[in-house]
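Observations on the model geometry
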Amino acid sequence: MQAPCEHEDTSLLLQPLFEGEDYGAAAADGTPCPSVSVARNNPAKRDCLVVAVLCFGNLVNFIDWFIVPGILLDIQKYFGLSDGKTGLLQTVFTLCYMLAAPIFGYLGDRYNRKIILGAGIFFWSGVTLGSSFITESHYRIFVLSRGLVGIGSASYSTIAPTIIADLFEEGRRTTALSIFYIFIPVGSGCGYMLAASMAKSTGDWHWAFRVTPCMGGLALLLLILLVPHKIQRKTAAHRALSISGMIGRADEKPDIHRTTKTTWCQDVGSLVKNCSFVCSSLGLTAMAFVTGALGMWMPLFLYRAQVVQGLVPPCLQDSCNSSNSLIFGGITIGTGIVGIIAGAEAARRLRKINNKADPLICASSMFISALCLYIALMVAQTNILSTFVSDNLQNVFWHPRENEKGEEEIFIAFGELFLSVNWAVVTDILLYVVTPRRQSTAIALQILVSHLLGDAGSPYLVGVISNAVQARNSPSLQWSFRSMQYSFVTCAFVGVFGGGFFLLTSFYVEEDRKEAQRL
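Rules used in this analysis
Residues numbered from 1 in each chain as written. Predicted model: local features only at pLDDT ≥ 70, side-chain atom pairs only at ≥ 80, totals over all residues. Heavy atoms only, no water. Helix = DSSP H or I, 4+ residues; strand = E, 2+ residues; numbered from the N terminus. Buried < 20%, exposed > 50% of the residue type's maximum accessible area, 1.4 Å probe, protein only. Contact = heavy atoms within 4.5 Å. Areas by Shrake-Rupley, 256 points an atom, 1.4 Å probe, with all protein chains shown as cover. Core = buried A, V, L, I, M, F, W, Y, C linked by side-chain atoms within 4.5 Å. Domains from an automatic or database assignment. Phe/Tyr/Trp six-rings, centres within 6.5 Å; stacked < 30°, edge-to-face > 60°. Lys NZ or Arg CZ within 6 Å of the ring centre and 35° of its normal. Salt bridge = Lys/Arg side-chain N within 4 Å of Asp/Glu carboxyl O. Patch = residues over 30% accessible without salt bridge, like charges linked within 9 Å, V, L, I, M, F, W, Y side chains within 5 Å. Expected span 1.5 Å × (residues − 1). Bend = angle between axes of the 7 residues up to and from the residue. Polar contact = N/O pair within 3.5 Å; in protein donor to acceptor, adjacent residues only side chain to side chain. pLDDT = per-residue confidence, 0-100. Axes fitted to C-alpha atoms, helices over the stretch in contact; angles between N-to-C directions. Parallel < 35°, antiparallel > 145°, perpendicular 65-115°, else oblique. Left-handed = near helix turned anticlockwise from the far one by under 90°.

Notes on the overall build of the protein
Summing up its helical and strand segments, the protein has 18 helices and two strands in all. Per-residue burial for the protein yields a buried fraction of 54% across its 519 residues. Excluding contacts between residues fewer than 6 apart, the proportion of contacts in the protein whose partners are at least 24 apart in sequence is 83%. Summed over its atoms, the accessible surface of the protein is roughly 22,500 Å², and 65% of this surface lies on carbon and sulfur atoms.

Here it is as structure tokens:
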């Protein structure tokens, strides 16, 4: 029975649509309710404003996510933490994020998504602000606060993309979602840079946790004023959307809707037998492992390398040198944007001449990224790009030998670039090797596995290995650096395994694609 439509005046300047009683995603039967156009409003501009607001919220979300890595040295010194306990901060955050995401996905399908988004922003901003007042004797409370921020972040990352997807038809929807996801690397890089800048300018790292709540408050205000209370899906039929432009329509295959319904366990069983899905998911897990470890530890690793070379003194004062966070933040922003765009474009072009192009692109990128990371680790003790550090910029002109110290950051940048190439392409692989009626389950499983076995544990594992190496040697600045260097080698080998899994995907992708089209 069709749900009745009710018309209500929300009195919002930018809400030209009046929708039905569905408070989550579009109604299950896809029957649209009548809409009323308000002459003074432009629906296209309204939709663009909504996307802009949600992109700003996503920016704030990932800034909050990467504040801790940006001032990791200060936090470690303040609480007196070992590398293992330091890595636990990001692990707890990711675990809470991972476990909360399916819950918010369930709530977003059934209740008002705008209210859930607003509550999530308010919650994580409030917890972030509160964590800035935690004293050095309450480390466990600080860890708990990071877990709570992860829960709030999960509400936004899970629900905001569904609102954007409901606002646009297929072609524009691809562009809108791509823009939304671009703010993941941008927000991550800004998190490093904002945290480092605030710690340097104020002399107190706590202020880094007091800026983003203000940005969260602005995001909440814009959400309340500019995002409609209810969003009606523009199209009734199911669409399988790909970031790099491949769109499969369920209504082009009438038999899809007549297929016998299957249980969740049957869907999972079918996905486990899908070799392309399994191998590409394991490749994605390797990517998450490497990016999680790099994101948490790389600024601190660069600092220890500089200390060993005598480029910077050991941190003895209250506020430590944060220039490496600024460097790594800029690298993350640039390589993230370029990598995502380049990966999508390469997939579009090469797919025309090779049906196995997508997994081969992913495999090649992972192998190159692992090689670049390994080289960066090996040259770290003798080569640091001091020209990236603003305080030493003049040394480029006065000390020519400093120009030779550029290999590490260059290789780190290339390593991140080739990692970023794969994000859009991996999404494509899933969407065309899995039948549309199982894609939601497939995406949920892929997210769960990639976080659980990837970035949820890698920061902690790197810290534990570093602790173990230091424990077997006499305490020194040299072994403080080498312990982190040796633990990072794990990421290079995991990257090689990831490339191998994508290479295996290329052997099955054509057969699995045909099988998905038949179902």
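Back to the text.
Comments concerning the environment of Ser188
Note on placement: Ser188 falls in helix H7 (residues 170-202). A relative accessible area of 6% means that Ser188 is categorised as buried. Each C-alpha atom of the pair Ser188 and Gly70 lies 9.6 Å from the other, and the pair is 118 residues apart in sequence.

Some points on the nonpolar core
Counting residues in hydrophobic clusters, the biggest one holds 117 residues, and the most contacted among them are Leu54, Ile71, Ile75, Met298 and Phe488. A per-element tally of this core places helix H11 (residues 275-309) first, with 17 residues. Mapping this core onto the domain boundaries places at least three of its residues in each of domain 1 (43-230) and domain 2 (265-384 + 405-518). Not counting chain neighbours up to four residues away, the residues in contact with Leu54 comprise Leu117, Tyr156, Ala160, Ile163, Ile164, Phe180 and Leu223.

Description of the packing of aromatic side chains
Per the stated rule, a full pass over the model turns up 18 aromatic pairs. For the ring pair Tyr78 and Trp205, a centre distance of 5.2 Å and an interplane angle of 75° mean the geometry is edge-to-face. Pair noted here: Tyr78 is in helix H3 (residues 72-79) and Trp205 is in the loop between H7 and helix H8 (208-226), with a separation of 127 residues, a long-range link. Here Trp205 falls in the buried class, since its relative accessible area comes to 4%. With centroids separated by 6.1 Å and ring planes inclined at 85°, the aromatic side chains of Phe142 and Trp205 adopt a geometry described as edge-to-face. With a gap of 63 residues between them, Phe142 in helix H6 (residues 139-167) and Trp205 in the loop between H7 and H8 connect regions that are remote in the sequence. Feature note: the residues Phe62, Trp65, Phe66, Phe93, Tyr97, Tyr192 and Phe328 constitute an aromatic cluster, connected by ring pairs. Cation over ring: Arg210 sits above Phe133, and NZ or CZ is 4.6 Å from the ring centre.

Re the pattern of salt bridges
Here the structure, examined in full by the defined rule, presents six salt bridges. With a closest N to O distance of 2.6 Å, Asp47 and Arg46 form a salt bridge. On the basis of relative accessible area, Asp47 is assigned to the buried category, the value being 2%. Assessed through its relative accessible area of 2%, Arg46 is described here as buried. The salt bridge partner of Glu345 is Arg349, with a shortest N-O separation of 2.8 Å. One end of the pair is Glu345 and the other is Arg349, both in helix H12 (residues 323-350) and four residues apart, which spans about a single turn. Judged by relative accessible area, Arg349 falls into the exposed class, the value being 56%. Sharing partners across several salt bridges, the network here consists of Glu345, Arg348 and Arg349.

Some details on a nonpolar patch on the surface
A grouping of Leu360, Phe367, Val496, Leu503, Leu504, Phe507 and Tyr508 is seen on the molecular surface, where their side chains present a nonpolar patch of about 580 Å² in accessible area. Looking at the nonpolar patch, the elements with two or more residues in it are helix H13 (357-379) and helix H18 (477-518). Ranked by residues supplied to the nonpolar patch, first place goes to H18 with five residues. Within the fold, Tyr508 resides in helix H18.

Notes on H6
Note that an α-helix has 3.6 residues per turn; residues three or four places apart therefore point the same way. Taking 1.5 Å per residue as the helical rise, H6 with its 29 residues ought to reach 42 Å, and the 43 Å between its terminal C-alpha atoms agrees with that figure. By the criterion of burial, H6 is predominantly enclosed, with 22 of the 29 residues buried.

Let's talk about H11
For H11, spanning 35 residues, the distance from its first C-alpha to its last is 47 Å, which sits close to the expected 51 Å at 1.5 Å a residue. Where H11 bends most, at Trp297, the angle is about 50°, and the proline Pro299 comes one to four residues later. The N-capping residue of H11, defined by a side-chain oxygen 3.2 Å from the backbone nitrogen of Ser276, is Asn274. Phi turns positive, to about 80°, at Gly310, one or two residues after H11.

Quick word on the side chain of Ser145
Structurally, the position occupied by Ser145 is in helix H6. Sequence-distant contacts of Ser145, that is, excluding residues within four places in its chain, are made with Val127, Ser131 and Ile134.

A short note on the side chain of Ser365
For Ser365, the position within the fold is in helix H13. Residue classification places Ser365 among the buried positions, given a relative accessible area of 5%. If near-sequence neighbours (up to four positions away) are discounted, Ser365 is found in contact with Phe418, Val421 and Asn422.

Brief notes about the confidence of the model for the protein
In this model, the protein carries an average pLDDT of 77, and 77% of its residues clear a pLDDT of 70 or more. pLDDT under 50 marks residues 1-40. Its contacts with residues more than four places away, or in other chains, come to 78 contacts. Under a pLDDT of 50 for its full length, residues 384-406 has, in the predicted model, 32 contacts with residues more than four places off or in other chains.

Regarding the packing of helix H5 (residues 113-131) against H8
The angle between the axes and the distance between the axes are what describe a pair of packed helices. It is the contact of H5 with H8, at a shortest axis distance of 8 Å, that shows an interaxial angle of 165°. Judged on the interaxial angle alone, H8 and H5 are roughly antiparallel. For the pair H5 and H8, the sense of crossing is left-handed. Within the contact between the two elements, H5 uses Lys114, Leu117, Gly118, Ile121, Phe122, Ser125, Thr128, Leu129 and Ser131 and H8 uses Phe209, Arg210, Thr212, Pro213, Gly216, Ala219, Leu220, Leu223 and Ile224.

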